[in-house]
Amino acid sequence: DLDRWRELQLPRMKYNQPATLTQSRTDVLTLTPWFAPIVWEGTFNRDILNEQFKRMNVSIGLTVFAIKKYIVFLQHFIETAEMFFMVGHKVNYYVFTDRPNEVPKFTLASGRRLVIIEVMGYKRWQEVSVRRMEMIHDASRKTFINEVDYIVSVDVDMEFTDFIGVEILSERFGTLHPGFYGSQRPHFTYERRPQSEAYIPEDEGDFYYAGGFFGGSVREVYQLTGQCHKAMMKDKDRGIEAIWQDESYLNKYFLYHKPTKILSPEYLWDNGMGSPAILKKKCFRAVWKNHTAIRSK
Ligand code: 2GW
Ligand code: MN
């Protein structure tokens, strides 16, 4: 339980003093109006954070879905995660798949293991994407709560390209979508039909969050995925499906349950978006995919 934070005591450490009269970044927003940090390179000290989370013996579950043809992404995903994701911490990979026999054998670093969770492959792709909420919700209750402290949920058609560590962890966190971090709220692709549970009016909204990278404590992820799934089932009964599936319901949830931490687009980038100067690094990137081939039966 995270109650043990109360007992945490750090050792003597040497590092540069934080400068009270200087902003660590002046080119980007680093704190939301509700005082949640927005994580950008240059705003945190990895050594302090590692020391804290190591001493707390924190364990992290990384959930990823590799259903039907998307199994092809798994090998590179796990191999790059071994190089860059939560190095030195305890990690469980939770691989949800309908093809357990096609999961490659991996040699993992110590303190890390891979758990296969067999699930059905829904016929419609929209269903594959959106049902992740239900499956994470169920697994949170059955498995995650007994095995890890935090859940990180990501897309599989991705690669790790730089270090991602405990700086991302918080009670409830989301990620700025690489396509919309500079946009005005009316241009966010929120669900705009009032009949949908995911509806957000044009005069509301903080950020446009990506469906492909969110997480939090297991209890919080259980709540979040449960609410998103419930909203999606209500819509389904009324014959409506939100414009960007799970991403739309996630954005609605985050509007009224503000994230306690937000990751910058450094944590979810797509090379199709170029290389703006505000990006000091790219740690998690979309891999190229042939949409027609990979998404066909
Ligand atoms: C099949 C056909 C069309 C779209 C998706 C799939 C599919 C997705 C599949 O056959 N098998 C599968 O395992 N997936 C999982 O769903 C896989 O983990 C994948 O990364 C994830 C989301 O699908 P993806 O990556 O093709 O969609 P993107 O890259 O356009 O993702 C954004 O939009 C989605 C909503 O449609 C989600 O919100 C996603 O989180 C976003 O990043
Ligand atoms: Mn994707």
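Up top you'll find the structure we're talking about.
None of these values were measured; they are calculated from a predicted model.

## Let's talk about the coordination of the manganese ion (ligand 2)
Line of reasoning, step 1. Within the protein, D155 (OD), D157 (OD) and D157 (OD) serve as the donor atoms for the manganese ion (ligand 2), at 2.2 to 2.4 Å.
Line of reasoning, step 2. Given a relative accessible area of 8%, D157 falls into the buried group.

## A closer look at the nonpolar core
Line of reasoning, step 1. Core analysis: the biggest nonpolar cluster contains 43 residues, and F85, V152, I168, L169 and F213 have the highest contact counts within it.
Line of reasoning, step 2. Of all the secondary structure elements, the ones that give two or more residues to this core are α1 (46-55), β2 (59-65), α2 (74-84), β3 (90-97), β5 (150-154) and β6 (158-160).
Line of reasoning, step 3. In terms of residue count, α2 provides more of this core than any other element does, five residues in total.
Line of reasoning, step 4. Leaving out residues up to four positions away in the same chain, V152 has contacts with I60, G61, L62, T63, F85, I168, L169, F173, F213, F214 and G215.
Line of reasoning, step 5. If you look at the next biggest cluster of nonpolar residues, it comprises 38 residues, including I38, W40, Y94 and V130.

## With respect to the packing of helix α4 (residues 132-147) against helix α5 (residues 218-237)
Line of reasoning, step 1. Look at α4 against α5: their axes get within 8 Å of each other, and the N-to-C directions meet at 150°. Taken together, the axes of α4 and α5 are roughly antiparallel relative to one another. When the axes of α4 and α5 are compared, the crossing they make is left-handed. Taking contact as the criterion, the partners of M133, E134, I136, H137, S140, R141, F144 and I145 in α4 are, on α5, V218, R219, V221, Y222, L224, T225, G226, C228 and H229.

## A short note on the site of ligand 1
Line of reasoning, step 1. Lining the immediate surroundings of ligand 1 are 19 residues, of which F65, I67, Y70, Q245 and R295 lie closest.
Line of reasoning, step 2. Between V156 and ligand 1, the recorded distance is 3.1 Å, taken from a backbone N or O atom to an oxygen atom.
Line of reasoning, step 3. If ligand 1 stood free it would expose 730 Å²; the protein chains cover 89% of that surface.
Line of reasoning, step 4. Among the elements that make up the shell around ligand 1, the one with the highest residue count is helix α3 (residues 125-130) (three residues).

## Points about the environment of G205
Line of reasoning, step 1. With respect to the helices, strands and loops of the structure, G205 is situated in the loop between β7 (172-175) and β8 (213-217).
Line of reasoning, step 2. Residue G205 is classed as buried on the basis of its relative accessible area, which comes to 8%.
Line of reasoning, step 3. Along the chain, G205 and N45 lie 160 residues apart, while their C-alpha atoms are 30 Å from each other.
Line of reasoning, step 4. What G205 contacts, discounting residues up to four positions off in sequence, is R185, Y190, I200 and L255.

Analysis parameters
Residues numbered from 1 in each chain as written. Chains lettered and ligands numbered in written order. Predicted model: local features only at pLDDT ≥ 70, side-chain atom pairs only at ≥ 80, totals over all residues. Heavy atoms only, no water. Donors = N, O, S within 2.8 Å, 3.2 Å for Na, K, Ca; no water. Buried < 20%, exposed > 50% of the residue type's maximum accessible area, 1.4 Å probe, protein only. Core = buried A, V, L, I, M, F, W, Y, C linked by side-chain atoms within 4.5 Å. Helix = DSSP H or I, 4+ residues; strand = E, 2+ residues; numbered from the N terminus. Contact = heavy atoms within 4.5 Å. Axes fitted to C-alpha atoms, helices over the stretch in contact; angles between N-to-C directions. Parallel < 35°, antiparallel > 145°, perpendicular 65-115°, else oblique. Left-handed = near helix turned anticlockwise from the far one by under 90°. Near = heavy atom within 4 Å. Polar contact = N/O pair within 3.5 Å; in protein donor to acceptor, adjacent residues only side chain to side chain. Areas by Shrake-Rupley, 256 points an atom, 1.4 Å probe, with all protein chains shown as cover.

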